[in-house]
Amino acid sequence: GESVGLHLPTLSVQEGDNSIINCAYSNSASDYFIWYKQESGKGPQFIIDIRSNMDKRQGQRVTVLLNKTVKHLSLQIAATQPGDSAVYFCAEKGGTSYGKLTFGQGTILTVHP
Amino acid sequence: NAGVMQNPRHLVRRRGQEARLRCSPMKGHSHVYWYRQLPEEGLKFMVYLQKENIIDESGMPKERFSAEFPKEGPSILRIQQVVRGDSAAYFCASSSTSQGNYYEQYFGPGTRLTVT
């Protein structure tokens, strides 16, 4: 069945380093992908999204890369800060689903000062 | 512009009681989604509603769970005869449109349900 999964459940980095969080998806019909950040006790916060007709999209300090050939999505965070510490989820929307997002299990990012 | 509002933030119910979770979408948003999150897991889709219509309820358990989004007022997720396995965080999200199949879903702070 459909699934969205992450390669690494935890990631520890030093402040100022660049972080890369990976995500694999299995639904080849997925046409839209989102990265969310979730801090403890809070709801998911939208970070960046990308459509399936794109390979790369940049935001402020964040870049999302999409490789449809291998069904892989990554989130790059430049100059990681302690405030970036959170759980990061990738989510995808299948091409035939109206609103349903399928979430991965999440990666815990810890940034050490 | 206020974000997605959910209440209560924390809800404790004994087994067999009913739980009612409320969600007010962002201003101007007419699409509401409910997700459930178990500890240390990702969010699982439950139901997608527009005003007075259920669009997709493929993630809703067949029994005890229901959702509505009336013409006036918040969306309600109702769980009857709660069991311990219902303990989870329930998140509501809203979006402005699903036209063109691309949209952003904005999440509320969630309701943490504990069944004792």
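Residues numbered from 1 in each chain as written. Chains lettered and ligands numbered in written order. Predicted model: local features only at pLDDT ≥ 70, side-chain atom pairs only at ≥ 80, totals over all residues. Heavy atoms only, no water.

> What is the right way to look at the overall build of chain A in this model?
Of the regular secondary structure elements, chain A holds zero helices and 11 strands. Counting helices and strands in the order they occur from the N terminus, chain A gives β-β-β-β-β-β-β-β-β-β-β. By the burial criterion, 46% of the 113 residues in chain A qualify as buried. Taking all contacts inside chain A whose residues are at least 6 apart in sequence as the whole, residues at least 24 apart take part in 54%. (Helix = DSSP H or I, 4+ residues; strand = E, 2+ residues; numbered from the N terminus. Buried < 20%, exposed > 50% of the residue type's maximum accessible area, 1.4 Å probe, protein only. Contact = heavy atoms within 4.5 Å.)

> Is there a simple way to explain unusual backbone geometry in this structure?
When glycine is set aside, most residues are seen to have a negative phi, and most peptide bonds are trans. In this structure, P8 of chain B follows N7 of chain B across a cis peptide bond, with omega equal to -5°. Assignment of secondary structure puts P8 of chain B in the loop between β1 (5-7) and β2 (10-13). Its identity as a non-glycine residue notwithstanding, R61 of chain A has a phi of 65°, on the positive side. Mapped onto the elements, R61 of chain A comes out in the loop between β6 (56-58) and β7 (62-67). For R61 of chain A, a relative accessible area of 31% puts it in the partly exposed group. The backbone of K71 of chain A shows a phi angle near 55°, a positive value even though the residue is not glycine. Residue classification places K71 of chain A among the partly exposed residues on the basis of a relative accessible area of 28%.

> For this particular structure, what's the right way to read the interface of chain A and chain B?
A common way to report how large an interface is uses the accessible area buried once the components associate. If you look at the interface, chain A gives 21 residues, while chain B gives 23 residues. Across the interface of chain A and chain B, roughly 1,800 Å² is buried in total on both sides, 57% from carbon and sulfur atoms. Across the contact surface, chain A and chain B share five residue pairs in polar contact (both at pLDDT 80 or more). Mapped onto the side of chain A that touches chain B, the elements with two or more residues apiece are β4 (30-38), β5 (45-51) and β9 (86-94) of chain A. In terms of residue count, β4 of chain A provides more of the side of chain A that touches chain B than any other element does, four residues in total. In terms of residue class, the side of chain A that touches chain B is built from eight nonpolar, seven polar and six charged. (Buried area = accessible area lost by both parts, 1.4 Å probe. Polar contact = N/O pair within 3.5 Å; in protein donor to acceptor, adjacent residues only side chain to side chain. Nonpolar A, V, L, I, M, F, W, Y, C, P; charged D, E, K, R; others polar.)

> Can you walk me through the sheet that holds β1 of chain B in this structure?
Backbone hydrogen bonds are what pair the strands of a sheet, in a parallel or an antiparallel way. Residues and elements named next belong to chain B. Here four strands make up an open sheet; going across it, the order is β1-β3-β8-β7 and the pairing antiparallel. Here the strands that pair on one side only, and so sit at the sheet edges, are β1 and β7 (65-68). In this sheet, neighbouring strand axes are inclined to one another by 15° on average, regardless of whether the strands run parallel or antiparallel. (Pairing = 2+ DSSP bridges. Axes fitted to C-alpha atoms, helices over the stretch in contact; angles between N-to-C directions.)

> So what exactly am I meant to see when it comes to the state of the cysteines here?
Note on terminology: a disulfide is the covalent bond linking the sulfur atoms of two cysteines. All names here are of chain A. In this structure the tally under the stated criterion is two disulfides over all chains. The side chain of C23 participates in a disulfide bridge whose partner is C90; the two sulfur atoms lie 1.8 Å from each other. Measuring the twist about the S-S bond at about 50°, one finds the C23-C90 disulfide to be right-handed. You can see C23 sitting in strand β3 (residues 19-25) and its partner C90 sitting in strand β9, a full 67 residues away along the chain. Overall, C23 belongs to the buried group, its relative accessible area being 1%. C90 gets classed as buried once you look at its relative accessible area, which sits at 1%. (Disulfide = S-S within 2.5 Å.)

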